[in-house]
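Given next are the chains, with one letter for each unit.
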Amino acid sequence: MRPLALFTLLLFTIYSSAQTKSKKGSAPLSQVAIFDKYIQDAMPLWKVPGLSVAVVKDGKVMFKKGYGRTELGKSTAFDTSTISICASTTKAMTAVCVAMLVDAGKLKWSDKVADILPGFKINDAYTTSQITVKDLLTHNAGLGNADWLWIVKNDDNDILRSMQYLTPSYSLRSSFIYQNLMYGVAGRVIEAVSGKKWQDFITENLFHALGMNRTYATYTYSSKEPNRISPHFMINDTVHVIPYIDYPGVSAAGAVWSCANDISKWMMFMLDSAKWNGKRLLKPETFAELMKPQAIIPANEFYPTMQITKPHWTTYGLGWFQQDYRGKMIEFHTGSLDGAVAIIGLVPDEHFGIYIFENLDHAELRHALMFKAFDLWLFNDNSKDWSNELFSLYGKLKADGKLKQKEIDAKRVLGTKPSLALEDYTGKYSNETYGEAEIKMEDGGLLVNYPNNNVLKLEHWDYDIFKGSFNNFWWDKSNVQFFLNNEGKVSYFEMDGMRYKKIVESNN
């Protein structure tokens, strides 16, 4: 009886194993079912109107599904063909385009950017002369965060010219500050070397090559696509639909729109060392450079998730954040633009990847789903509730921020008045980097008009400090402080550390 019992047990085991596979032979049904339910249960907590997810492993799509709605209050489903904003996950795509030009012999990683783009300068001659093509992709070339530049300037030529006034925040390659401008410059390098604009080069050489026919390099290229998300923002726990704002000046840093159907191809391409349909688009050594740690990331520049994941190291490759997780090297990147987010997470050693689109501003459910997928598919572990843990973490960070702001506001000196009549603060102001601003009177108060329809409505706070609210109501408030000269007239104002000097009108 013993041999028969063993034989029967073996047959049962084989049969049971076969039953846990989906019909397509992709992933165990238990993992798919658990992940599917987890997403549905987590969405209400984060109040995410809609999202889509793609999971790939070993060259196959294991899971792909859309949830919720493309816009709050409407019936259009957020499905796997709905296009959404890749935002900064675009950076890895731009890095691949640069790598293609390296393979073609048109570039070297060590080439000096100033030799390729004579108009490229920052406010330090030595640093300018030493910045290489690779430095454009690593966030450690010396620049601080100057995102206001691409908010007030739409033209990439204008942005390139304005960068000459930006002073380095640290010496070249000595630190790390995440910013977008250098990826915009990388787009210009691609154009200068290939003779094609970044958006055309990436469309022809990457998206079309991978059959990503519903992936668009820019919002303009996607404008005729009807199945798209609307951006959303949460204010006082209420989700609002907001208008989409296009930022074409740094497209190579974050302009791509795609969908779960297409983005699964991108992940499988990257997990197969840049091969697609048996054809290699990058040489092995060139591909390896993309995933190689290039810069060490200090804790204050990494994601708050590290408080839970507790990585031993945090680095940046060429378009990829990197850390260790449960003994595996993780290559990942978030994308965030007004009203929508994305995240991609790859575990190359396991040929595993996940991508998530969400149509709610900074909805960190994306991180929870990424780590949940790692646990389920790679470690067969369903024990950790990432959604609730990260909801608590980010909730505490938000509460701490509000408390800090209350402490700052408590220092307000009540009963003060501006030094001058409000009309004396009006006029034109200029910053050599960010351009002009004009202050006008409207309805008895002051308005600051910045380029690209960025308007700041001011209310007196104390002395010569005004608190401003932007016309984009979801943006944080900014303080504007005026400074007077020896004659008692306005000399300049400062907003968020940026100084705008008053333009003295000529009497001639």
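The structure reproduced in this document is the subject of the present report.

## Quick notes on the overall build of the protein chain
A tally of regular secondary structure across the protein chain gives 15 helices and 22 strands. For 508 residues, the compact-globule formula gives about 23 Å, and the C-alpha radius of gyration of the protein chain, at 25 Å, lands near that figure. If you line up the protein chain on its principal axes, its C-alpha atoms span 110 × 55 × 45 Å. Within the protein chain, the fraction of its 508 residues that count as buried is 52%. In the protein chain, of all internal contacts separated by at least 6 residues, the share reaching a separation of at least 24 is 63%. On the protein chain, roughly 23,300 Å² of surface is accessible, and the fraction owed to carbon and sulfur atoms is 52%. Separation of charge centres in the protein chain, based on 56 positive and 55 negative side chains, amounts to 6 Å.

## Some points on the sheet that holds strand β18 (residues 454–462)
Strand order in the closed barrel formed by eight strands is β15-β16-β17-β18-β19-β20-β21-β22, and the pairing between neighbours is antiparallel. Neighbour to neighbour, the strand axes of the sheet diverge by 30° on average, direction disregarded.

## Examining the side chain of Ser162
For Ser162, the position within the fold is in helix α7 (residues 156–162). Classification of Ser162 by relative accessible area gives buried; the value is 6%. Contact partners of Ser162, with chain neighbours within four places excluded, come to Leu149, Lys153 and Thr433.

## Concerning the environment of Thr426
Here Thr426 shows up in the loop between α15 (386–409) and β15 (427–431). A relative accessible area of 21% means that Thr426 is categorised as partly exposed. Sequence separation of Thr426 and Met441 is 15 residues, and the distance between their C-alpha atoms is 7.0 Å. Leaving out residues up to four positions away in the same chain, Thr426 has contacts with Ile439, Lys440, Met441, Leu446 and Lys502. Within the structure, Thr426 has its side chain in polar contact with the backbone oxygen of Glu423 (distance 2.6 Å).

## Observations regarding empty space enclosed by the protein
Counted according to the given criterion, the structure contains one cavity of 30 Å³ or more. There is about 50 Å³ of room inside the largest cavity. Asp156, Ile159, Leu160, Met163, Leu181, Gly184, Val185, Arg188, Gly249 and Val250 together form the lining of the largest cavity. Elements represented by at least two residues in the lining of the largest cavity include exactly α7 and α8 (181–194). When grouped by side-chain class, the residues that make up the lining of the largest cavity number six nonpolar, two polar and two charged.

## A few points about the packing of aromatic side chains
Inspection of every chain in the model, using the stated rule, returns 41 aromatic pairs. Relative to Phe470, the ring of Trp148 has its centre 6.1 Å away and its plane inclined at 55°; by these criteria the two rings are tilted. Of this pair, Trp148 sits in helix α6 (residues 148–152) while Phe470 sits in strand β19 (residues 465–470), placing them 322 residues apart in sequence. This pair shows no difference in class: Trp148 is buried, exactly as Phe470 is. Members of the aromatic cluster, joined through ring pairs, are Trp148, Tyr425, Tyr429, Tyr450, Phe466, Phe470, Trp475, Phe482, Phe493 and Tyr500.

## A closer look at the environment of Glu442
Here Glu442 lies in strand β16 (residues 435–442). Considered as a pair, Glu442 and Asp124 are 318 residues apart in the sequence and their alpha carbons are 41 Å apart.

## Some details on the side chain of Glu225
Along the polypeptide, Glu225 turns up in the loop between α9 (198–207) and β4 (232–235). Under the relative-accessibility criterion, Glu225 is labelled buried at 12%. Apart from residues no more than four positions distant in its own chain, Glu225 is found in contact with Ile83, Arg214 and Tyr216.

## Description of the pattern of salt bridges
Across all of its chains, the model carries 21 salt bridges by this definition. As a salt-bridge pair, Asp158 and Arg161 come within 3.7 Å of each other at their nearest N and O atoms. Taken as a pair, Asp158 and Arg161 lie in helix α7 at a separation of three residues, close to a single helical turn. We classify Arg161 as partly exposed; its relative accessible area is 47%. Linking Lys467 and Asp409 is a salt bridge whose minimum nitrogen-to-oxygen distance equals 3.8 Å.

## Some remarks on the nonpolar core
Counting residues in each nonpolar core, the largest one holds 160 residues, and the members touching the most others are Phe35, Trp148, Met163, Trp266 and Phe493. Residues contacting Phe493, with those up to four places away along its chain left out, are Tyr429, Ala437, Ile439, Val448, Tyr450, Val480, Gln481, Phe482, Met498, Arg499 and Tyr500.

Rules of the game
Residues numbered from 1 in each chain as written. Predicted model: local features only at pLDDT ≥ 70, side-chain atom pairs only at ≥ 80, totals over all residues. Heavy atoms only, no water. Helix = DSSP H or I, 4+ residues; strand = E, 2+ residues; numbered from the N terminus. Rg over C-alpha atoms; globule rule 2.2 N^0.38 Å. Buried < 20%, exposed > 50% of the residue type's maximum accessible area, 1.4 Å probe, protein only. Contact = heavy atoms within 4.5 Å. Areas by Shrake-Rupley, 256 points an atom, 1.4 Å probe, with all protein chains shown as cover. Lys, Arg positive; Asp, Glu negative; His and termini not counted. Charge placed at Lys NZ, Arg CZ, Asp CG, Glu CD. Pairing = 2+ DSSP bridges. Axes fitted to C-alpha atoms, helices over the stretch in contact; angles between N-to-C directions. Polar contact = N/O pair within 3.5 Å; in protein donor to acceptor, adjacent residues only side chain to side chain. 1 Å grid on protein atoms, 1.4 Å probe; cavity = no way out; pocket = protein on both sides within 12 Å on 5 of 7 lines; lining within 4 Å. Points joined across faces, edges and corners; volume = space filled by probe spheres on them. Nonpolar A, V, L, I, M, F, W, Y, C, P; charged D, E, K, R; others polar. Phe/Tyr/Trp six-rings, centres within 6.5 Å; stacked < 30°, edge-to-face > 60°. Salt bridge = Lys/Arg side-chain N within 4 Å of Asp/Glu carboxyl O. Core = buried A, V, L, I, M, F, W, Y, C linked by side-chain atoms within 4.5 Å.

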